[in-house]
Amino acid sequence: MNYTESAKKIFELVGGESNIRSVTHCMTRLRFVLKNEGTVDDEAVKAVSGVMGVMKKGGQYQIIMGNDVANYYKELTKLGNFNNTEIEPEEKKNLFESFVDVISSCMSPLIPAMLGGGMIKVLLIILPLMGILDEASKSYAVLSFFGDAPFYFMPMMLAYTAAQKFKVTPMLAVTVGGIMLHPNFVSLVAEGEPLNIFGLPITLASYGSSVIPILIMVWLMKYIEAFFDKIIPTVMKSFMKPLFIIVISGIIALVVVGPLGTFAGEGLSAGIIWIQSKAGWLALGLMAAFMPLIVMTGMHWAFAPIFLIASPATPDVLILPAMLAANLAQGAASLAVSLKAKDKNLKQVALASGISALLAGVTEPALYGVTLKYKKPLYAAMISGAICGIYMGITGLESYAFAVPSLVALPQFIGGEGNGNIINACIVAAISIVLTFVLTLVFGIDEEPVETEAVNLEMVEAGSSDPKKILTPVKGKIIPLSKVNDSAFSSKVMGEGLAILPEDDTIVAPFDGVVSAIFPTKHAIGLTSTAGLELLIHVGIDTVELNGKFFEVLVEPDAVIKAGQPLLKVDFAGIKEAGYDITTPLIVTNSDQYIEVVPKDDMTEAVYNEAVLYVV
């Protein structure tokens, strides 16, 4: 295959460097953002050797190249200086949906680290109570920073995931996160002396465990990087570009962006304290209800001067009581999701997140991995928090020591006259857990039940599709990809999925969408669902050598399809007689855009109109 020649023809046909804003590639496609798509001759592009089809979607001009796309892309990038820092066009969302999408997609990869850190914190609470570990021991001290590390260094980890989201050079983003957490900067902040750079004042703030400042900063970095990428000559770009990006981004982070979270937190603190002085029950109700959102922004640390001094002499009547209701609500909501969810991975994540929130008061895994993602559990937790907050405000619940509120840390509420305060704390804990659990079960998590009833082929066309599911495209025996006799599939280099040993001669659409590619040899077809899921159905192994024999294509490229619609007629008997393996892999070629592609549990037979794969 002459990659260089094909790349050169594609480059010329799409209008050259003057018409290309950016170009990236996925598993199978070159994805161009062009200044003017109307000048491109689609048929001429399709005629280029190696091109399997053309698709226009979401502001992109997509050229389908198949498995060798990386080789074409490599040659293409030699022909011009393309700005690849633009975000791929997405469907329009409202402001809140966009915000939630950014937070969820950036935080999701951090969940394993947060779960690990949270469970270490649980051990550090339980083991001393059991007399197994002394709080004054070196082991306790070491384990403490083991548990704190995932949270303290969250800005650096977020810098990496946000860089992938916003198409920024990852290590430059991580460097800026490191600037905000550098020990020397932390020491200067601790000294409390005025700090500036080139006369610009730097706010003395701590960014450990913060979320919003680094996300805003990495978002800005995509424009900073694009600017310097454009103005710096190519011969100097390797050393001048990172120099300017780090210096400019670091200054903006410390002088402008970083303090935003601090100022917002201080304003929120002042406002809540004022409300608490006027109506304590209302302040606690609001604080407990909105505590998950405050934690999400990292602004809960702005209240540190209030709750860190909690003691019998100066008990905290606002922040720690509110966190008790909110933390337990997050844990209960996660446990309810674990009980109600059908997906086994979600069950595991929700269960671990719930335990972490209930026992250690570490709510980030529950918030980012479960409640914020599915929204309704978050609403249930906020409603429960508001009700508990009002009760705490009326009864005057107080915290006499600083600890992250949880079931294990309930002794922090022991104090005052008699046992009234700890009894009220236990009542709040019970109400928060039970009410949130029930509300979450009632509200649900928008997870559709799995259809299990098998129907014949004629009934499939009447079926509905779900963008989270991939329905059976052909009846037969299910085989793991690892057992497919082709390393391109068994190694999963093309993506996640499974394979089917067909028992029917008709391949049908597994979801609503479009036909994104039909191979000239008819042995494979590419589909894109309405939700953007890209699926390759490869009929047989090495059947490309048959040059279309035994295959009949029933649809056209770019055709809109419905779940269950016939796509291919295949003479599998003829293929077997010709000496070819009829195993048919189903590959989600954009698997990297999802958390996981999960085969249905305990399923050995693929039946029409029944889901065989789920996309998480």
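On a predicted model such as this, the values are computed, not experimentally measured, just so you know.

Considering the packing of aromatic side chains
In this structure the tally under the stated criterion is seven aromatic pairs. Residues Y3 and Y72 carry aromatic rings whose centres are separated by 5.0 Å and whose planes lie at 85° to one another, so their mutual orientation is edge-to-face. With Y3 in helix α1 (residues 3–13) and Y72 in helix α3 (residues 69–76), this residue pair connects regions lying 69 residues apart in the sequence. When its relative accessible area of 23% is taken as the criterion, Y3 is described as partly exposed. Overall, the relative accessible area of 1% leaves Y72 in the buried class. When the ring of F228 is compared with that of F244, the centres are 5.3 Å apart and the planes differ by 10°; the resulting orientation is stacked. Within this pair, whereas F228 is found in helix α10 (residues 212–231), its partner F244 is found in helix α11 (residues 237–278), the two being separated by 16 residues in sequence. For F244, a relative accessible area of 32% translates into the label partly exposed. The structure contains a cluster of three or more aromatic residues connected by ring pairs, namely F227, F228 and F244.

What about the packing of helix α14 (residues 319–340) against helix α18 (residues 420–443)?
Two elements in contact, α14 and α18, have axes whose closest approach is 8 Å; the angle formed by their N-to-C orientations is 35°. Handedness of the crossing formed by α14 with α18: right-handed. Residues L324, A325, L328, A329, A332, A333, L335, A336, V337, L339 and K340 of α14 pack against A425, V428, A429, S432, I433, T436, F437, T440 and L441 of α18.

A closer look at the side chain of T528
Residue position: T528 is located in strand β12 (residues 524–529). Taking the relative accessible area as the measure of exposure, T528 reaches 2% and is therefore buried. There is a polar contact of 3.4 Å between the side chain of T528 and the side chain of S516.

Here we look at the packing of α14 against helix α15 (residues 344–360)
Orientation of α14 relative to α15, taken along the N-to-C sense of each, is 155°, at an axis distance of 7 Å. Our classification of the angle between α14 and α15 gives roughly antiparallel. In this structure, the crossing between α14 and α15 has a hand that is left-handed. On α15, the residues touching N327, L328, Q330, G331, A332, S334, L335, V337, S338 and L339 of α14 are L346, K347, A350, L351, S353, G354, I355, A357 and L358.

Notes on the nonpolar core
With 75 residues, the main nonpolar core has L158 and V218 as its most contacted residues. Discounting chain neighbours no more than four positions away, the residues touching V218 are A159, A162, A163, F166, V168 and A173. Judged by nonpolar contacts, the second largest core, of 37 residues, contains L498, V539, I582 and V597.

Some points on the environment of C106
Note on placement: C106 falls in helix α4 (residues 95–107). Between the C-alpha atoms of C106 and L215, which are 109 residues apart in sequence, the distance is 8.6 Å. In this structure C106 touches L158, T161, A162, K165 and L215, once residues within four positions along its chain are discounted.

Overview of the environment of I197
Within the secondary structure, I197 is located in strand β5 (residues 195–197). Sequence separation between I197 and L254 is 57 residues, and the spatial gap between their C-alpha atoms is 9.4 Å. Dropping the residues within four chain positions of it, I197 is found in contact with I202, I251 and V255.

Considerations on the confidence of the model for the protein
For the protein, per-residue confidence averages 82 on the pLDDT scale, and 84% of positions sit at 70 or higher. Across residues 84–91, confidence stays below pLDDT 50; counting only partners more than four residues off in sequence or on other chains, it has 29 contacts. Here residues 448–467 is a poorly scored stretch, pLDDT under 50, and it has 38 contacts once near neighbours within four places are set aside; other chains count.

Things to note about the sheet that holds strand β13 (residues 534–538)
In a beta sheet, neighbouring strands are held together by backbone hydrogen bonds and run either parallel or antiparallel to one another. Spatially, the eight strands line up as an open sheet ordered β15-β11-β12-β13-β17-β9-β8-β19, and their pairing is antiparallel. Whereas interior strands pair on both sides, the edge strands pair on one side only; in this sheet they are β15 (560–561) and β19 (605–606). Bridge count for strand β11 (residues 513–518) against β15 is two bridges, and the pairing is antiparallel. Each bridged residue has a counterpart across the sheet, and for G513 the counterpart in β15 is I561.

Cut-off values and rules
Residues numbered from 1 in each chain as written. Predicted model: local features only at pLDDT ≥ 70, side-chain atom pairs only at ≥ 80, totals over all residues. Heavy atoms only, no water. Phe/Tyr/Trp six-rings, centres within 6.5 Å; stacked < 30°, edge-to-face > 60°. Helix = DSSP H or I, 4+ residues; strand = E, 2+ residues; numbered from the N terminus. Buried < 20%, exposed > 50% of the residue type's maximum accessible area, 1.4 Å probe, protein only. Axes fitted to C-alpha atoms, helices over the stretch in contact; angles between N-to-C directions. Left-handed = near helix turned anticlockwise from the far one by under 90°. Contact = heavy atoms within 4.5 Å. Polar contact = N/O pair within 3.5 Å; in protein donor to acceptor, adjacent residues only side chain to side chain. Parallel < 35°, antiparallel > 145°, perpendicular 65-115°, else oblique. Core = buried A, V, L, I, M, F, W, Y, C linked by side-chain atoms within 4.5 Å. pLDDT = per-residue confidence, 0-100. Pairing = 2+ DSSP bridges.

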